[in-house]
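# Observations on chain architecture
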Amino acid sequence: MEGLRNEIKLGDCIEVLSKIGEPFADLIFADPPFNIGYKYDKYHDKVDKKNFAAWTKDWMAACNLVLKPQGSFYIAIGDEHVADVKVAADELGLEMRNWIIWHYAFGQQMKNKFARSHTHILYFVKDKSDFIFNDDSVRVISDRQKKYQDKRANPEGKMPDDVWDEYPRVCGTFKERTGFPCQMPESILARIIRVSSNKENWVLDPFSGSGTTAVTAHKLNRVYTGIDISEEYVKEAERRIRECKGLPIEGESKQGWNEHLEAELKWLYHENKVPTEQLDADSFLLTLFSEKFNTRVRKTRNPFQPREIRDRLIQMRKSAKLGPLRGHSIPRKPRKSHTRRKPLENEVATK
Ligand SMILES: C[S@@+](CC[C@H](N)C(=O)[O-])C[C@H]1O[C@@H](n2cnc3c(N)ncnc32)[C@H](O)[C@@H]1O
């Protein structure tokens, strides 16, 4: 077991964990392949449904063996197999505490059905009356506090809802993006690790991928173990861990703007197809755009001001972060037609 302490292990998680046979993990976060045909380095992500359900039960059982009695177990999964996870958890005697929906904007567009814009994160514990839950570490400001300045509001804030929509997917422009196909944002892992573990506790990720869980655990002073069957991904995760020393959690910023907000702004800009020049010139349009943006990023209590949003857009455009608007021509005011009067006889024509 000591060979796993602060390591990213190359191997099949069922084999690795079955050999351990004793509980060591305080928190497990698992983000397995979703069986939807993703292209991984060493895993074929499209198998028979029944086999996938049986495999789900096997790896969950292997994780359960190494989870401490007060441990917590989070599993991210798509629509296709979320039922398998719940059934397996029930059979293993795990206690479900929350069925979290991670909702993100700009889901995958499909012609013949609604765009998918969520992932399930199921949260279980082994013992329903003995587990770590550091509520103070994840509280958020409530409407009562900020909007209504209600003195009865808890000054520590409120617990976040079980629909998490403040975390965009890690997109190509993000600093934390590694090139891995389905990387989890560090900020989601930070919430889970803070609330369900203490410093020095041991965090395990049996499907480590690009190493997001290990990197975040390391930044938050937890012991980590990641397991992955791809040597390439193991190396990439090890590189991320080597280079993350002293860095803050990606996507969390105290300055108001961060790359997640910038990504949302960029998306909204392209969705609306109104050029920055026009937003700059038309205060009504800018106000509308700002309202949309603040609603989308849930900044309704302390919204970004329209001028702030305009300045950020212009800055992003100058630094080429915004990209050109496609399929749009700037609507112009119709010009008055200047039909020239026929010069009078003997009149000198002027321009
Ligand atoms: C959805 S990805 C994990 C992404 C990760 N959460 C991140 O943020 O980068 C699933 C990973 O599971 C790995 N994998 C698939 N089968 C495995 C197995 N039996 N044991 C260990 N890893 C496995 C794949 O190589 C892939 O990297």
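Just so we're clear, the structure is a prediction, and the values are computed from it rather than from any experiment. (Residues numbered from 1 in each chain as written. Predicted model: local features only at pLDDT ≥ 70, side-chain atom pairs only at ≥ 80, totals over all residues.)

## Some words on the overall build of the chain
Along its length, the chain carries 11 helices and eight strands. A buried classification covers 31% of the 351 residues belonging to the chain. Taking the intrachain contacts of the chain between residues at least 6 apart in sequence as the baseline, contacts between residues at least 24 apart amount to 69%. (Helix = DSSP H or I, 4+ residues; strand = E, 2+ residues; numbered from the N terminus. Buried ≥ 20, exposed ≤ 12 C-beta atoms within 10 Å, placed from the backbone. Contact = placed C-beta atoms within 7 Å.)

## Let's talk about unusual backbone geometry
Trans is the prevailing form of peptide bonds, just as negative phi is the prevailing case for residues other than glycine. A positive phi angle is found at E200, which is not glycine, with a value near 75°. As for its placement among the helices and strands, E200 is situated in the loop between α5 (186-196) and β7 (202-205). With 9 C-beta atoms counted inside 10 Å, the residue E200 sits in the exposed group.

## Considering the nonpolar core
Residues I28, C63 and V203 are the most contacted members of the largest nonpolar core, which totals 53 residues. For V203, the contacting residues outside a window of four places in its chain are D26, L27, F29, I193, S197, T213, A217, R222, V223 and Y224. By size, the runner-up hydrophobic cluster in this structure holds 10 residues, among which are L268, L286, F293 and I309. (Core = buried A, V, L, I, M, F, W, Y, C linked by C-beta atoms within 7 Å.)

## Quick look at the site of the ligand
Around the ligand sit 22 residues in total, of which D31, F207, G209, S210 and T212 are the nearest. Taken together, the residues of the shell around the ligand sort by class into 13 nonpolar, five polar and four charged. (Near = placed C-beta within 6 Å. Nonpolar A, V, L, I, M, F, W, Y, C, P; charged D, E, K, R; others polar.)

## Considerations on helix α8 (residues 259-272)
Over its 14 residues, α8 extends 20 Å from the first C-alpha to the last, a length consistent with the 20 Å expected when each residue adds 1.5 Å. All of the buried residues in α8 are H260, L261, A263, L265, L268 and Y269. Elements that come into contact with the buried residues of α8 comprise α10 (283-296) and α11 (306-318). Where α8 ends, the next residue or the one after it, K273, has phi of about 55°, a positive value. (Expected span 1.5 Å × (residues − 1).)

## Looking at the environment of G323
Here G323 lies in the segment after α11. Separated by 54 residues in sequence, G323 and Y269 place their C-alpha atoms 10.0 Å apart.

## Considering the pairing of strand β3 (residues 67-77)
Residues in a regular strand point their side chains to alternate faces of the sheet. Burial analysis of β3 places eight of its 11 residues in the buried class, the great majority of the element. Relative to β3, strand β2 (residues 25-30) runs parallel, the two being bridged by five bridges. Bridged to I28 within β3 is F73. Crossover connection from β2 via helix α2 (residues 49-66) to parallel β3: handedness right-handed. Relative to strand β5 (residues 116-125), β3 runs antiparallel, the two being bridged by six bridges. Among the inter-strand pairings, F73 is bridged to a residue of β5, identified as F124. (Pairing = 2+ DSSP bridges. Right-handed = clockwise from strand over helix to strand, strands pointing away.)

## Quick notes on the packing of α8 against α10
Angle between the axes and distance between the axes are the two parameters that describe a pair of packed helices. Packing of α8 against α10 leaves a shortest axis separation of 10 Å and a crossing angle of 135°. The orientation of α8 relative to α10 falls into the category oblique. Here α8 and α10 pass one another in a crossing that is right-handed. Residues E264, L265, L268 and N272 of α8 touch α10, and the partners they reach there are F289, K292, F293 and R296. When its residues are assigned to classes, the contact of α8 with α10 shows four nonpolar, one polar and three charged. (Axes fitted to C-alpha atoms, helices over the stretch in contact; angles between N-to-C directions. Parallel < 35°, antiparallel > 145°, perpendicular 65-115°, else oblique. Left-handed = near helix turned anticlockwise from the far one by under 90°.)

## Digging into the packing of α10 against α11
Running from N to C, α10 and α11 point in directions that differ by 90°, and their axes come no closer than 9 Å. Taken as axis vectors, α10 and α11 run roughly perpendicular relative to one another. Here α10 contributes L286, T287, S290 and F293 to the contact with α11, which in turn contributes P306, I309 and R310. Classifying every residue of the contact of α10 with α11 gives four nonpolar, two polar and one charged.

## Points about the environment of A263
By secondary structure assignment, the location of A263 is in helix α8. Judged by local crowding, A263 falls into the buried class, with 21 C-beta atoms found within 10 Å. Each C-alpha atom of the pair A263 and C171 lies 8.0 Å from the other, and the pair is 92 residues apart in sequence.

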